[in-house]
Amino acid sequence: MNPRNAGEIENADGVGEVGNPVCGDMMTFYIRVDQGRLSEIKFKTFGCGVAIAVSSMVSEMALGRAVGEALQISKEDVAERLGGLPSEKMHCSNLGADALRRAIHDYLDRQGNTKEDSVEHSAQGAQDRILERSLLDDDVLVKLILEEKRKKNAVILVHNYQRPDIQDIGDFVGDSLGLALKASETDMDVIVFCGVHFMAETAAILNPDRIVLLPEIRAGCPMADMAPVEAVRRAKELHPNAVVVSYVNTTAAVKAESDYCCTSSNAVRVTREVEGEEILFLPDRNLAAYVAKHVPEKRIIPWDGYCHVHQDITVKDVMEVLANHPGAEIIAHPECTEEVLSVADHIRSTSGMVAAALESSADEFVVATEAGMVYPLRRAVPNKSFYPTANEPLCPNMKLITLSKVLLALENLEPRVTVPEDVRVRALLPVERMLSL
Ligand code: 13P
Ligand code: SF4
């Protein structure tokens, strides 16, 4: 195979690198930008033939496009252009799209643009740009959303990393566990889930008779994609005595293969309380290491996945901010690396961070997680100060949802997230076990 655009660009304007430790695929994209367009793209890929074909396709799709436009290339777009990919190979197209996005973010960072700006461009498809322009201001959008929400008898559930304007329209804003609990309690006809795909899927697992909307269907979680169901089945065969504990950041198909589900707020408790000495813990290796440290009586077999947003936070990024606020305490999410966790004063889920800030006597906090978390923290604890880490990490997927997409979703009752009934029934058990603990 001699894929087009294979190679390297010396002194590239942006470089993006991703790897999937589960299957060993590694991709590096190099881009050159001329007058806002991708004028040259090269890639180096180590891995299977599909990973190479994906890299080749991504580079061809992006070449010549405007930077903001290229940011919108999704794993589904890539798979479609390749004539479809089997589900177990979808992670390859996800890696390709992600590597390109990283190269573009790198370029934008070097230009001094904020990541928010770039996300803003990527998040707005043509349809909602037209809608936003015609409606002009957000107040009108919010009014229409509230009207439509009432008409459709809908509840809006929002994750803590969502954009501030989305958090402001939420009936409930919280972490994965809080959102799953709210989804399990609702009696509304429609759930509008402002988060990422696995979260909406969890709501759908709990609510087979309700409509679950994800206003931007491409909002996925790369870490969840690092545990393809076929690989999980193979791992179960290799460890037949292990209890499978899945972080909620997994697909419904993987939940259906699991014994228990957990979130960052109850991973230690769930692992401690399950019967069995050996635990196959997936997909986050950082959370697995954190759990292993707190549950030494069990043998934890970690999956080799990670969240790129948290993996990118370094101790230096934390210390740089601490240097300017020497009295601050450090609150970290357990998806961070062991090194970052080792310097943290509090290790909590996103909503747990709010509780930690309320309980602590400190007035200032460095927050080692997705940078958007400072908004709910400042809202809930207005008398204290919160600072993101120096690298200002953003989850591009979380930022894909905009007010106009929420309105369109409510008007059209699309895009919906559904789970095939046979999968749903099997996935329900580990989710219910988690909620009942
Ligand atoms: P929380 O459950 O702590 O909100 O975390 C969800 C998530 O995706 C973190 O990256
Ligand atoms: Fe997934 Fe990380 Fe984004 Fe959370 S922050 S949704 S784990 S990619």
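As a convention, each chain's residues are numbered from 1 in the sequence order in which they are written. Lettering of chains starts at A and numbering of ligands starts at 1, both following the order in which they are written. For a predicted model such as this one, the threshold for reporting local features is a pLDDT of at least 70, and the threshold for listing and counting side-chain atom pairs is 80 or more; totals across whole chains, interfaces and linings nevertheless cover every residue.

Draft legend 1. Local environment of the packing of helix α10 (residues 197–206) against helix α22 (residues 421–436). An axis is simply a line fitted to the C-alpha atoms; with a helix, the fit covers only the stretch in contact. Between two such axes, the angle follows the N-to-C directions and lies from 0 to 180 degrees. Helix numbering and strand numbering both begin at the N terminus, where a helix is a DSSP run of H or I of at least 4 residues and a strand a DSSP run of E of at least 2. The contact between α10 and α22 brings their axes to 9 Å, and the two run at 100 degrees. Between α10 and α22, the crossing angle belongs to the class labelled roughly perpendicular. Within the contact between the two elements, α10 uses Thr202, Ile205 and Leu206 and α22 uses Arg424, Ala427, Leu428 and Val431. Any residue that is not Ala, Val, Leu, Ile, Met, Phe, Trp, Tyr, Cys, Pro, Asp, Glu, Lys or Arg is counted as polar, Gly included; the first ten are nonpolar and the last four charged. Taken together, the residues of the contact of α10 with α22 sort by class into 5 nonpolar, 1 polar and 1 charged. Roughly parallel covers angles under 35 degrees, roughly antiparallel covers those over 145, roughly perpendicular covers 65 to 115, and oblique covers all other angles. A residue pair is marked as a contact if its C-beta atoms, positioned from the backbone, fall within 7 Å.

Draft legend 2. Molecular detail of the environment of Leu282. Inspection of the secondary structure assignment puts Leu282 in strand β10 (residues 278–282). In this scheme every C-beta is placed from the backbone, and a residue whose C-beta has 20 or more other C-beta atoms within 10 Å is buried, one with 12 or fewer is exposed, and one in between is partly exposed. A residue is classified by how many C-beta atoms lie within 10 Å of it, and Leu282, with 30 of them, is buried. Non-local contacts of Leu282, meaning those with residues more than four positions away in its chain, are made with Ala227, Val232, Ser246, Tyr247, Thr250, Trp303 and Gly305.

Draft legend 3. Expanded view of the site of ligand 1. Around ligand 1, a shell composed of Asn160, Asp175, Ser176, Asn249, Thr263, Ser264, Cys307, Glu335, Ser349 and Thr350 is seen. When its residues are assigned to classes, the shell around ligand 1 shows 1 nonpolar, 7 polar and 2 charged. Think of it this way: take the backbone, place a C-beta atom on it, and check whether that atom is within 6 Å of the molecule or strand, in which case the residue is near it.

Draft legend 4. Just the site of ligand 2, in detail. Taken together, Val196, Cys221, Pro222, Met223, Asn249, Cys307, Val309, Glu370, Cys395, Asn397 and Met398 make up the full set of residues near ligand 2. Within the shell around ligand 2, the residues separate by chemical class into 8 nonpolar, 2 polar and 1 charged.

Draft legend 5. Examining the domain arrangement of the protein more closely. For the domain bounds, the source is a domain assignment made automatically or taken from a database. The domain boundaries assigned to the protein delineate domain 1 (14–123), domain 2 (126–220 + 398–412), domain 3 (223–303) and domain 4 (313–388). Distance from the C-alpha centre of domain 2 to the C-alpha centre of domain 4: 27 Å. Contacts between the two partners involve 11 residues from domain 2, matched on the other side by 8 residues from domain 4. Of all the secondary structure elements, the ones that give two or more residues to the side of domain 2 that touches domain 4 are α8 (164–168), β5 (172–174) and α9 (176–185). Along the lines of polarity and charge, the residues of the side of domain 2 that touches domain 4 split into 5 nonpolar, 5 polar and 1 charged.

Draft legend 6. Helix α17 (residues 315–324), seen in detail. When we look at burial in α17, the residues that qualify are Val318, Val321 and Leu322. Looking straight down α17, one finds that the buried residues subtend no more than 105 degrees of arc, so they occupy a single side. When the buried face of α17 is taken as reference, the exposed residues oriented beyond 90 degrees from it are Lys316, Ala323 and Asn324. Tucked into the core, α17 has its buried residues touching β12 (329–332), α18 (338–342), β14 (364–368) and β15 (385–388). What the arc describes is the spread of directions from the helix axis to the C-beta atoms.

Draft legend 7. Just the pairing of strand β2 (residues 25–34), in detail. Burial analysis of β2 places 7 of its 10 residues in the buried class, the great majority of the element. In this sheet, β2 lies alongside strand β1 (residues 14–20) in antiparallel orientation, the contact comprising 7 bridges. Pairing of Val15 across the sheet is with Tyr30, part of β2. Whether two strands pair depends on DSSP finding at least two bridges between them. Looking at chain direction, β2 and strand β3 (residues 37–46) are connected through 9 bridges and run antiparallel. In the sheet register, Met27 faces β3, and the bridge partner there is Thr45. Where β2 hands over to β3, the hairpin turn is made up of 2 residues, of which Gln35 adopts a positive phi near 50 degrees.

Draft legend 8. Representation of the sheet that holds β15. Judged by pairing direction, the sheet is parallel, and its 4 strands sit side by side in the order β13-β12-β14-β15 without closing on themselves. Among the strands making up the open sheet, the edge pair consists of β13 (346–347) and β15. Here 4 bridges tie β14 to β15, and the two strands are oriented parallel to one another. Residue pairing across strands places Phe365 opposite Phe386, the latter belonging to β15. Sitting on the sheet, α17 touches β12, β14 and β15, and the angle it makes with β14 is about 165 degrees. Helix α19 (residues 350–359) rests against β12, β13 and β14 of the sheet, and its axis sits at about 160 degrees to β12.

Draft legend 9. Summary view of the nonpolar core. The biggest cluster of nonpolar side chains holds 104 residues, and the ones touching the most others in it are Ile191, Val192, Phe193, Ala368 and Val406. Among all residues touching Ile191, those that are not within four sequence positions of it are Val155, Leu157, Ala183, Thr186, Ala203, Asn207, Arg210, Val212 and Leu213. Grouped together as the second largest cluster of nonpolar side chains are 34 residues, Ile52, Val58, Val67 and Ala103 included. Joining buried Ala, Val, Leu, Ile, Met, Phe, Trp, Tyr and Cys residues through C-beta atoms within 7 Å gives a set, and that set is a nonpolar core.

Draft legend 10. Seen up close, the packing of α9 against α10. Interaxial distance between α9 and α10 falls to 9 Å at its minimum, and their mutual angle equals 30 degrees. Considering the angle they form, α9 stands roughly parallel to α10. α9 and α10 meet at a crossing whose hand is right-handed. Touching Ser176, Leu179, Ala180, Ala183 and Ser184 of α9 are Met199, Thr202, Ala203 and Leu206, all from α10. Crossings are sorted by hand: turned counterclockwise from the far helix by less than a right angle, the near helix makes the crossing left-handed, and turned clockwise it makes it right-handed.

Draft legend 11. A look at the sheet that holds strand β6 (residues 190–194). Spatially, β5-β4-β6-β7 is the arrangement adopted by the 4 strands of the open sheet, whose pairing is parallel. Looking at strand neighbours, the two that pair on one side only are β5 and β7 (211–213), the edges of this open sheet. Here the strands of the sheet are splayed against their neighbours by 20 degrees on average, with no regard to which way each runs. Relative to β6, strand β4 (residues 154–159) is paired through 5 bridges, and the arrangement is parallel. Opposite Leu157, over in β6, you have Phe193 as the bridge partner. The strands that helix α21 (residues 403–412) touches are β4, β6 and β7; relative to β6, the one it contacts most, it runs at about 160 degrees.

Draft legend 12. A look at the confidence of the model for the protein. Confidence of the predictor at the level of single residues is given by pLDDT, which spans 0 to 100. With 93% of its residues at a pLDDT of 70 or more, the protein has an overall mean of 90. The model gives residues 114–124 a pLDDT under 50, and that stretch makes 23 contacts with residues more than four places away or in other chains.

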